[in-house]
Amino acid sequence: PADIKRHAPFTWDAVEAERIIANNQDAADWTVDSFNLVRDPVNEPFPLVGVALVGPVSQAPFKAMHRDLTMVEVTPIASGVSNSQSISYTSRDKDRGVLPLPVGGFVESSFFGTNWNGQEDDIASLSPSSYGLWTVEQAAAASSMAPELFIALTTNKIANYLGFHAKYFSPSTSDKEEKSNVDMLLADGGDLENVSLIPMLLRGVKKIVLFMDFEVPL
């Protein structure tokens, strides 16, 4: 689309971009122009993209009736999962068994899918993974990856080759041993639900006005 830079991180406005640059050593060569920004934060709608967290690539193929999908909210401010929980991802391959992982919490959207390198004085050290920084085009691609649920049912080799991958760690867990960078499969958020209503309910939002415009009336 017009005015959207390719391969560029994104955030809310120029002030946020400058703060990210100032707080990250790896961003020394960045400028505000390096980011995709919301052009009119006051008058334009707040963008929210729904992406489904399918599970670790290492656990594919998954059982068809035992998939624990989690909704990831992607916004210009932060990306992540609104409720924290431990999920046991079960593989259909008996040799792979069950892998419990903590899921939940948010990071700045530019650093979703990056590597967690440790923490000092409550400041996390993150670095780009082999997949690069999280960008608008990655969010759009993940949110359009409807076939991922089928891919995740095939074989581990096919999931590795055709699946949409991103590194993931749970910012909300206090256990440093659990903050591992897991290669996860991402899918279209519509594979879970189309309007990102579930995260708002989990967050305890009391009043929600939801417009669902369908080609075929309900």
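One structure accompanies this document, and this report is about it. (Residues numbered from 1 in each chain as written. Predicted model: local features only at pLDDT ≥ 70, side-chain atom pairs only at ≥ 80, totals over all residues. Heavy atoms only, no water.)

### Observations concerning empty space enclosed by the protein
For step 1, the next point in the chain: Taken as a whole, this structure holds three cavities of 30 Å³ or more when the rule is applied.
For step 2, the next point in the chain: Roughly 60 Å³ of volume is contained in the largest cavity.
For step 3, the next point in the chain: Forming the walls of the largest cavity are Ser 79, Gly 80, Gly 105, Val 107, Phe 111, Phe 112, Gly 113, Thr 114, Lys 167, Tyr 168, Phe 169 and Pro 171.
For step 4, the next point in the chain: In terms of residue class, the lining of the largest cavity is built from six nonpolar, five polar and one charged. (1 Å grid on protein atoms, 1.4 Å probe; cavity = no way out; pocket = protein on both sides within 12 Å on 5 of 7 lines; lining within 4 Å. Points joined across faces, edges and corners; volume = space filled by probe spheres on them. Nonpolar A, V, L, I, M, F, W, Y, C, P; charged D, E, K, R; others polar.)

### Let's talk about a nonpolar patch on the surface
For step 1, the next point in the chain: Side chains of Phe 46, Leu 48 and Ile 77 sit close together on the surface and give an oily, nonpolar patch of about 270 Å² of accessible area.
For step 2, the next point in the chain: Inspection of the secondary structure assignment puts Phe 46 in the loop between β2 (36-37) and β3 (49-56). (Patch = residues over 30% accessible without salt bridge, like charges linked within 9 Å, V, L, I, M, F, W, Y side chains within 5 Å. Areas by Shrake-Rupley, 256 points an atom, 1.4 Å probe, with all protein chains shown as cover. Salt bridge = Lys/Arg side-chain N within 4 Å of Asp/Glu carboxyl O. Helix = DSSP H or I, 4+ residues; strand = E, 2+ residues; numbered from the N terminus.)

### Comments concerning the environment of Thr 173
For step 1, the next point in the chain: Within the secondary structure layout, Thr 173 lies in the loop between β9 (164-168) and β10 (182-188).
For step 2, the next point in the chain: For Thr 173, a relative accessible area of 12% corresponds to the buried category.
For step 3, the next point in the chain: For Thr 173 and Gln 85, which are 88 residues apart along the polypeptide, the C-alpha to C-alpha distance reads 9.1 Å. (Buried < 20%, exposed > 50% of the residue type's maximum accessible area, 1.4 Å probe, protein only.)

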